[in-house]
Amino acid sequence: KEKQLDVLLVSPNASQIIYQDLASKFSAIEPNIWAMLISGRIRSENFSVQIFDAEAEQLNYEEQVKNIWEYNPRLVCFISYGQQPSSSSQNMQGVIDCANLLKSYYPEYPVMVVGGHCAAEPIGTLKHACIDFIAQDDGTKCLIDLLRTDLKTDLIKIKSLGYKNELGFITLNKKQSALLD
C-alpha cells in the first residue's frame, strides 16, 4: 500500500464570498506563495506534502472536500495568507466553511490553520469546532514539529502551537522567537 501523505496544504476557494459577482470575471487568482514556501521546508525534512489550490481550480466546497479525501492526508493544513496584510482574515471565511464541511463528512481528519489571522487571533480561531490546531507564528517550524508527533501526544512541547485537547480546552504554547531557531 502506498504511504499516506503527511500533510496536504490547502488554499481554499473563497472567491465567491470575497469578491461576489466580480469573482467570475474580474478577480485575480493569487499564486499561493506561502504554500510553496512552506511545502519546500516540509520536504526538506523528508515529510510528504502536496499543495491543493482550490482557488486556482475554482472549486466549490463540496469539490474541495472530495479532493481532500482523495489525497487522504494525515493532516489537513489550510493556508490563510496573502500578499496584503488583511487577506489572511478575508480568506478565513473560506477556511472555516471548507473545514466545517470537511469535518461533517470526515471528522477523523485533523485540521490545522496557518496564517496571519490565526496568529493574531489564536483563541478566536480555535473556537471554531472544525479547527484542531493553529500556528501562532508563520507556521513552518510549528507544522514540522507537529508532523514529528502522532498528532495527539507531546503537543505541549511544540512551540507556537495552539490546539484543543480531548475535552475541548484550548492550549496556547509559548511562542518561540525566530532568532532562537
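Scroll up for the structure.
Residues numbered from 1 in each chain as written. Predicted model: local features only at pLDDT ≥ 70, side-chain atom pairs only at ≥ 80, totals over all residues. Heavy atoms only, no water.

## Topic: the pairing of strand β1 (residues 5–11)
- Within β1, 7 of the 7 residues are buried, which leaves it mostly tucked inside the rest of the structure.
- Here β1 runs beside strand β3 (residues 73–80); their pairing, made up of 5 bridges, is parallel. Bridge pairing in β3 places Val-10 opposite Phe-78.
- By the bridge criterion, 5 bridges tie β1 to strand β2 (residues 49–53) in an arrangement that is parallel. Among the inter-strand pairings, Val-10 is bridged to a residue of β2, identified as Phe-52. (Buried < 20%, exposed > 50% of the residue type's maximum accessible area, 1.4 Å probe, protein only. Helix = DSSP H or I, 4+ residues; strand = E, 2+ residues; numbered from the N terminus. Pairing = 2+ DSSP bridges.)

## Things to note about unusual backbone geometry
- The phi dihedral of Asn-46 is positive, around 65°, even though this residue is not glycine.
- Secondary-structure assignment places Asn-46 in the loop between α2 (33–44) and β2.
- A relative accessible area of 70% means that Asn-46 is categorised as exposed.

## Observations regarding α2
- When the terminal C-alpha atoms of α2 are compared, their 17 Å separation across 12 residues agrees well with the 16 Å that a helix rising 1.5 Å per residue should span.
- Where α2 is buried, its residues contact β1, β2, β3, β4 (111–115) and α8 (140–147).
- Phi turns positive one or two residues past the end of α2, at Asn-46, with a value near 65°. (Expected span 1.5 Å × (residues − 1). Contact = heavy atoms within 4.5 Å.)

## Observations concerning helix α4 (residues 61–71)
- Among the residues of α4, Tyr-61, Gln-64, Val-65 and Ile-68 are the ones counted as buried. Taken down its axis, α4 places every buried residue within 95° of arc, on the same side.
- Of the residues that open α4, the one with a side-chain oxygen 3.0 Å from the backbone nitrogen of Glu-62 is Asn-60.
- Trailing α4 by a residue or two, Asn-72 shows a phi angle of about 50°, which is positive. (Arc of directions from axis to C-beta. Polar contact = N/O pair within 3.5 Å; in protein donor to acceptor, adjacent residues only side chain to side chain.)

Purely spatial values, then, with no claim about function.
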